[in-house]
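# Working through the structure, step by step
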Amino acid sequence: INSHDHLDFNLFPSLGNTTYANYRQWGHDIHTNNKDEIRSVLDIPLHLRTRWGVYKNLLNGFTTVVNHGNYLPIAEPTPITVFQNCNNLHSVGFERNWRWKLNRPQKNDWPIVLHVGEGTDKTAHREITRLLRWNLRRRPLIGVHGVAMTEKQAARFKALVWCPASNYFLLDQTAPIKKLCRHTQILFGTDSTLTTSWDAWAQIRMALREVEEKDILPMLTTNPANAWNLTDRGKIEKGLRADLLITRNKSLATLTPDDILLVIHHGEIVLFDPVLKNELPQKNLQQTVPGGKYVAGDITGLIQQIKTYTNGYASPLLFC
């Protein structure tokens, strides 16, 4: 389970021109100095960008991804689950009327999800304090990033989504995860390619600089299943969904997307490696590139559609 992505932002290159003290500085900088790159990606239709974001997650072996941001219409069928049953705010700094949205009456008990503590300065820390002070209804909060978060603040969150690669790219620092995990559940998130590479396994290797392998696995399975109330998945157990990832027999510290052998979503094979082609029942899956993985759906058609808007921009082919 990937607990944090912006599915419609995965055709961006990573944009950043320096090390920032907080996300506000980064946002101002790229919208000032990277206007052309931003415009060229946003000119690609939303449904194509979103569909590509789904495939980015599938090619990394995720069977469920949590989308953060505006609700996205998802074309069915989709090879993995896109989870959007949460109340999304961007952040204290960028969400208009965030106090009202945080406390307005609502018909569901979905958690409030927003970027928090995304910085290394006092501003980032104070934003968490303001958020907690204004959570008058004591809504369940799931924070994202938490670089400036203290242990005392962490105790008031239902969970924290840790995105170490994104943090290091923008801030050259990540959350004090060994301390925070004593006070709240930690979930793992990739973020989008706007601030990270497409390769989730490279991000996991980065996370292993801070924690051990035994700590990472729950962040990808049981912790998010609990935090997002996905009681039908997250572990291998009779009666639960068959959402499974099978890789070559390696440690998490050495796995790459190429080591993925099989992805099963809700009992259906949605990705397999060519080495298994003769071992599996005939599947109507499409090969990404010669020698590449076989995946459900028309991924080559999607790439061709994207390229019509990008003057031959070929980076999606590199992801396969």
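Structure's up top.
Residues numbered from 1 in each chain as written. Predicted model: local features only at pLDDT ≥ 70, side-chain atom pairs only at ≥ 80, totals over all residues. Heavy atoms only, no water.

## Considerations on the overall build of the protein
Filter applied, for reference: Each helix corresponds to a stretch of at least 4 residues labelled H or I by DSSP, and each strand to a stretch of at least 2 residues labelled E; elements are numbered beginning at the N terminus. Only the C-alpha atoms count toward the radius of gyration. The rule for a globule is 2.2 Å times the residue count to the power 0.38. Under the scheme applied here, a residue whose accessible area is under 20% of the maximum for its type counts as buried, over 50% as exposed, and between as partly exposed, the area being computed with a 1.4 Å probe on protein chains only. The contact criterion used throughout is that any non-hydrogen atoms of two residues lie within 4.5 Å. Areas reported here follow the Shrake-Rupley algorithm with a probe of radius 1.4 Å; residue values treat only the protein chains shown as occluding. Charge convention: Lys and Arg are scored as positive, Asp and Glu as negative, and His as well as the terminal groups of each chain are ignored. Where a charge lies is defined by one atom per residue type: Lys uses NZ, Arg uses CZ, Asp uses CG and Glu uses CD.
Across its full length, the protein holds 13 helices and 13 strands. Taking 2.2 N^0.38 as the reference for a compact globule, 320 residues should give roughly 20 Å; the C-alpha atoms of the protein span a radius of gyration of 19 Å, in line with that estimate. Summarising its shape, the C-alpha atoms of the protein cover approximately 60 × 50 × 40 Å along the three principal directions. Per-residue burial for the protein yields a buried fraction of 54% across its 320 residues. Here the analysis covers contacts within the protein between residues at least 6 apart in sequence; of these, 66% occur between residues at least 24 apart. Of the roughly 15000 Å² of accessible surface on the protein, a fraction of 51% belongs to carbon and sulfur atoms. Distance between charge centres in the protein, computed from 37 positive and 29 negative side chains, equals 8 Å.

## Remarks on the nonpolar core
The criterion, for reference: Buried Ala, Val, Leu, Ile, Met, Phe, Trp, Tyr and Cys residues that are joined via side-chain atoms within 4.5 Å together make up what is termed a nonpolar core.
Membership of the largest hydrophobic core comes to 77 residues, with the highest contact counts inside it found for Trp 52, Leu 131, Trp 162 and Ile 216. Among the nonpolar cores identified, the runner-up in size contains 15 residues, and Val 66, Cys 86, Ile 142 and Val 144 belong to it.

## Examining the packing of aromatic side chains
Heads up, the rule is: By convention, a stacked pair of Phe, Tyr or Trp rings (six-membered ring in the case of Trp) has centres within 6.5 Å and planes under 30 degrees apart, an edge-to-face pair has planes over 60 apart, and any other such pair is tilted. A ring has a charge above it when a Lys NZ or an Arg CZ is no more than 6 Å from the ring centre and no more than 35 degrees off the ring normal.
Enumeration according to the criterion identifies four aromatic pairs in this entry. An angle of 85 degrees between the planes, with centres 5.1 Å apart, marks the rings of Tyr 23 and Phe 94 as edge-to-face. One end of the pair, Tyr 23, is in helix α1 (residues 23-33); the other, Phe 94, is in the loop between β4 (87-91) and α4 (98-103), with 71 residues separating them in the sequence. Taking the relative accessible area as the measure of exposure, Tyr 23 reaches 4% and is therefore buried. The exposure class assigned to Phe 94 is partly exposed, which follows from its relative accessible area of 42%. Positioned above the aromatic ring of Trp 134 is the side chain of Arg 99, whose terminal nitrogen or guanidinium carbon lies 5.3 Å from the ring centre.

## A closer look at the packing of α1 against helix α2 (residues 35-42)
Going by this rule: Each axis is a line fitted through C-alpha atoms, taken for helices only over the stretch in contact, and angles between the N-to-C directions span 0 to 180 degrees. Angles below 35 degrees are treated as roughly parallel, those above 145 as roughly antiparallel, those between 65 and 115 as roughly perpendicular, and all remaining angles as oblique.
Relative orientation of the contacting elements α1 and α2 amounts to 85 degrees, with a least axis distance of 5 Å. Our classification of the angle between α1 and α2 gives roughly perpendicular. Listed contacts from α2 to Ile 30, His 31, Thr 32 and Asn 33 of α1 are Lys 35, Glu 37 and Ile 38.

## A few points about helix α10 (residues 213-220)
The condition is simple: The arc in question is the one spanned by the directions pointing from the helix axis to the C-beta atoms.
Inspection of α10 places Ile 216, Met 219 and Leu 220 among the buried residues, and these make up the whole buried set. End-on view of α10: buried residues confined to an arc of 90 degrees, all on one side of the axis. Of the surrounding secondary structure, the elements contacted by the buried residues of α10 are β7 (159-162), β8 (185-188), α9 (200-207) and α11 (222-227).

## Observations regarding the layout of surface pockets
Quick reminder of the rule: The rule is simple: put a 1 Å grid over the protein atoms alone, call a set of points where a 1.4 Å probe fits but cannot get out a cavity, call an open set with protein on both sides within 12 Å along at least five of seven lines a pocket, and count a residue as lining if it has an atom within 4 Å of a point. Grid points are joined across faces, edges and corners, and a volume is the space filled by probe spheres set on the points. Throughout, the ten residues Ala, Val, Leu, Ile, Met, Phe, Trp, Tyr, Cys and Pro are labelled nonpolar, Asp, Glu, Lys and Arg are labelled charged, and all others, Gly among them, are labelled polar.
Its volume calculated, the largest pocket comes out at about 930 Å³. Around the largest pocket, the lining comprises 35 residues; the ones closest to its centre are His 6, Phe 9, His 68, Gly 69 and His 90. At the level of elements, α1, α2 and β4 are the ones that each hand at least two residues to the lining of the largest pocket. With five residues, α1 is the single largest residue contributor to the lining of the largest pocket. Of the residues assigned to the lining of the largest pocket, the class counts are 15 nonpolar, 14 polar and six charged. As a volume, the second largest pocket reaches approximately 610 Å³. Along the wall of the second largest pocket there are 26 residues; nearest its centre are Leu 220, Thr 221, Asp 243, Leu 244 and Leu 245. At the level of secondary structure, the elements contributing two or more residues to the lining of the second largest pocket comprise α9, α10 and β9 (244-247). Here the lining of the second largest pocket takes four residues from β9, the largest share from any one element. Residues belonging to the lining of the second largest pocket are distributed by class as follows: 14 nonpolar, seven polar and five charged.

On their own, these measurements won't tell you what the molecule is for.
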